[in-house]
Amino acid sequence: MSSHRKPAAVGLGCLIALVTTACSEQGEAARAAPSLPAATGTSPPASSSPPAESGTAYAPYVSATEAAGTDFAGSPTTYNLAFVLADGDDCTPRWDGTHAIGDPAVKSRIARLEKNGGQVRVSFGGASGKELAAACESATELAAAYGKALDAAGATRADFDVEGDELADSASVALRSKAIALLQKERTDLEVSFTLPVMPSGLGKDSLALLGSADDNGVRIATVNLMTMNYGTSYDGDMGGYALTAAKAAHTQLKKVFGTSDAAAWQGMALTSMIGVNDVDGETFTLADAAEVRAFAEEKGVGWVSMWSAARDRQCANGSKSGQPATDCSGVTQSSGAFGEAFAG
């Protein structure tokens, strides 16, 4: 997923080349089940507990720098603040790679989000720009950069959205794992999620290798967030059905990777859909799909559901964008905030 400021043509989700590769990777066996002291799916911190009436929280992706009228639709439990990136080749965290991490406007935005009842999770990475792990030279330096962003947001939740070339870059994957482990030693309450591309057949070998690297370095993973979107042009059917199929396949993989129970693997999973017209021809995620994903998530006890993005949760001015994705509207007929309401249940 990419930040608001990027044009739609850049791509809002997994790169097509990546998902095509991932599709061919699924037949490879997952790595041997390691021992994970606080494995994926362990009980989430009390502060991130969803409403009592449901075990599944709603946590949309929102811009860190630009407010949208649909940010609060569905009364989110948590907001995934997108994205923190490197300042070019410099190991300096910036919102969208351009705004100072202490930008007063961003601080004000976060305060407003929290005033409306939600917590903030800082998301690092995305499909565009340079992730800090590719810019920083040491785990200590990288951990400090991540920490600065978390402190600026007053957050105890960190999301690492890894996709594109950086997902296959073993050096930055290893550096990131070491840095997150250092950060969790300093911040024992830090809740970590990894946002990764997925196919209906499950997670690819690079995603499984990333989770293995995190585990090998002692990272406590609270959630694996699946980007149920942009599968490739051969997947032009039921997007809700594909999301459920992908979740089931990944559930089997996560049980093996982390050696957890059925229930724990579901609880340690999140599902993120790209609402409306996706940036792969033929893929359109509808309101009915959102309701289907929500019902499935509640049935299985999935930790949280999300969408890319709150700013897109409204009808385009002309009703659609001729089948092309936009950064500020869904491209389907809807009332403003309808996807948020559907995902919130």
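Calculation notes
Residues numbered from 1 in each chain as written. Predicted model: local features only at pLDDT ≥ 70, side-chain atom pairs only at ≥ 80, totals over all residues. Heavy atoms only, no water. Salt bridge = Lys/Arg side-chain N within 4 Å of Asp/Glu carboxyl O. Buried < 20%, exposed > 50% of the residue type's maximum accessible area, 1.4 Å probe, protein only. Phe/Tyr/Trp six-rings, centres within 6.5 Å; stacked < 30°, edge-to-face > 60°. Helix = DSSP H or I, 4+ residues; strand = E, 2+ residues; numbered from the N terminus. Lys NZ or Arg CZ within 6 Å of the ring centre and 35° of its normal. Expected span 1.5 Å × (residues − 1). Arc of directions from axis to C-beta. Contact = heavy atoms within 4.5 Å. Polar contact = N/O pair within 3.5 Å; in protein donor to acceptor, adjacent residues only side chain to side chain. Pairing = 2+ DSSP bridges. Right-handed = clockwise from strand over helix to strand, strands pointing away. Core = buried A, V, L, I, M, F, W, Y, C linked by side-chain atoms within 4.5 Å. Axes fitted to C-alpha atoms, helices over the stretch in contact; angles between N-to-C directions. Parallel < 35°, antiparallel > 145°, perpendicular 65-115°, else oblique. Left-handed = near helix turned anticlockwise from the far one by under 90°. Nonpolar A, V, L, I, M, F, W, Y, C, P; charged D, E, K, R; others polar. Disulfide = S-S within 2.5 Å.

Asker: Where do I start with the pattern of salt bridges in this structure?
Answerer: Two side chains carrying opposite charge are able to pair once their charged atoms lie near each other. Counted by the stated rule, this structure contains ten salt bridges. Residues K205 and D206 are paired through a salt bridge, measuring 3.5 Å at the closest nitrogen-oxygen approach. For D206, a relative accessible area of 17% translates into the label buried.

Asker: Hey, could you run me through the packing of aromatic side chains in this one?
Answerer: For any pair of aromatic rings, geometry is given as the distance between the ring centres together with the angle between the planes. Following the criterion strictly, the structure yields 14 aromatic pairs and no others. Considering the side-chain rings of Y231 and Y242, the 5.7 Å spacing of their centres and the 80° angle between planes classify their relative orientation as edge-to-face. Of the two residues, Y231 is situated in the loop between β9 (221–227) and α6 (239–258) and Y242 in helix α6; the sequence distance between them amounts to eleven residues. Exposure remark for Y242: the relative accessible area of 18% places this residue in the buried category. Here a set of aromatic residues connected by ring pairs shows up, and it is made of F124, Y146, F160 and F194. Of note, R121 hangs over the ring of W304, and the distance from its end group to the ring centre comes to 4.2 Å.

Asker: Explain the environment of K300 here, please?
Answerer: Tracing the chain through its elements places K300 in helix α8 (residues 287–300). Judged by its relative accessible area of 30%, K300 falls in the partly exposed class.

Asker: I tried to follow helix α2 (residues 104–115) on my own but got confused; where do I start?
Answerer: Side chains three or four residues apart in an α-helix point the same way, a direct result of the helix having 3.6 residues per turn. For α2, built from twelve residues, the straight-helix expectation of 16 Å at 1.5 Å per residue is met to within 8% by its first-to-last C-alpha distance of 16 Å. Listed in full, the buried residues belonging to α2 are V106, R109, I110 and L113. Take α2 and look down its axis: the buried residues cluster within an arc of 100°, on one side only. The exposed residues of α2 that point more than 90 degrees off its buried face are P104, S108 and K115. Buried residues in α2 make contact with β2 (61–63), β3 (78–87), β4 (90–95), β6 (119–125) and α3 (139–153). The backbone nitrogen of A105 has a side-chain oxygen 2.8 Å away, supplied by the residue at the start of α2, namely D103. Immediately beyond the C-terminal end of α2, within one or two residues, lies G117, with a positive phi of roughly 100°.

Asker: Help me understand the pairing of β6 in this model?
Answerer: Regular strands place side chains that alternate from one sheet face to the opposite one. Burial analysis of β6 places six of its seven residues in the buried class, the great majority of the element. Two elements, β6 and strand β7 (residues 157–161), share four bridges in a ladder whose sense is parallel. Residue G125 lies in a different strand from β7, and its bridge partner there is D161. Between the parallel pair β6 and β7, the chain is carried across by α3, and the sense of this crossover is right-handed.

Asker: Explanation requested: the nonpolar core in the structure shown.
Answerer: The tendency in soluble globular proteins is for nonpolar side chains to be buried as a group. Counting residues in each nonpolar core, the largest one holds 85 residues, and the members touching the most others are F124, Y146, F194, L211 and F343. For this core, the element with the most residues is α6, which contributes ten residues. Those residues in contact with F343, other than ones at most four positions away along the chain, are Y58, S273, I275, F285, A290, V293, R294, V305, S306 and M307. Residues A82, F83, M227 and M229 belong to the second largest nonpolar core, which totals eight residues.

Asker: Before we go on, may I ask you to explain the packing of α3 against helix α4 (residues 170–186) in this structure?
Answerer: In a packed pair of helices, the relevant descriptors are the angle between the two axes and the axis-to-axis distance. Interhelical geometry of α3 versus α4 gives an angle of 60° and a closest axis separation of 8 Å. Relative to α4, the element α3 lies oblique. Seen along the crossing, α3 lies across α4 with a hand that is right-handed. Contact residues: A139, T140, L142, A143, Y146, G147 and L150 in α3; L175, R176, K178, A179, I180, L182 and L183 in α4. Across the contact of α3 with α4, the residue classes tally to ten nonpolar, two polar and two charged.

Asker: Sorry if this is basic, but what is going on with the state of the cysteines here?
Answerer: Chemically, a disulfide is nothing more than a covalent bond linking the sulfur atoms of two cysteines. Enumeration over the complete set of coordinates arrives at two disulfides. Residue C91 pairs covalently with C136 via a disulfide, S to S 1.9 Å. What sets the handedness of the C91 and C136 disulfide is the S-S torsion sign, and at about 85° it is right-handed. Of this pair, C91 sits in strand β4 while C136 sits in the loop between β6 and α3, and the two are 45 residues apart along the sequence. In this structure C91 comes out as buried when scored by relative accessible area, which is 13%. Paired through a disulfide, C316 and C329 show a sulfur-sulfur distance of 2.1 Å. Residues C316 and C329 share a disulfide whose torsion about the S-S bond is about 90°; that sign makes it right-handed. Here C329 lies in the loop between β13 (304–308) and α9 (338–344) and C316 lies in the loop between β13 and α9, a separation of 13 residues in the sequence. Just as C316 is buried, C329 falls in that class too. Numbered in order of appearance, the disulfide-bonded cysteines of the protein are paired 1-2, 3-4.

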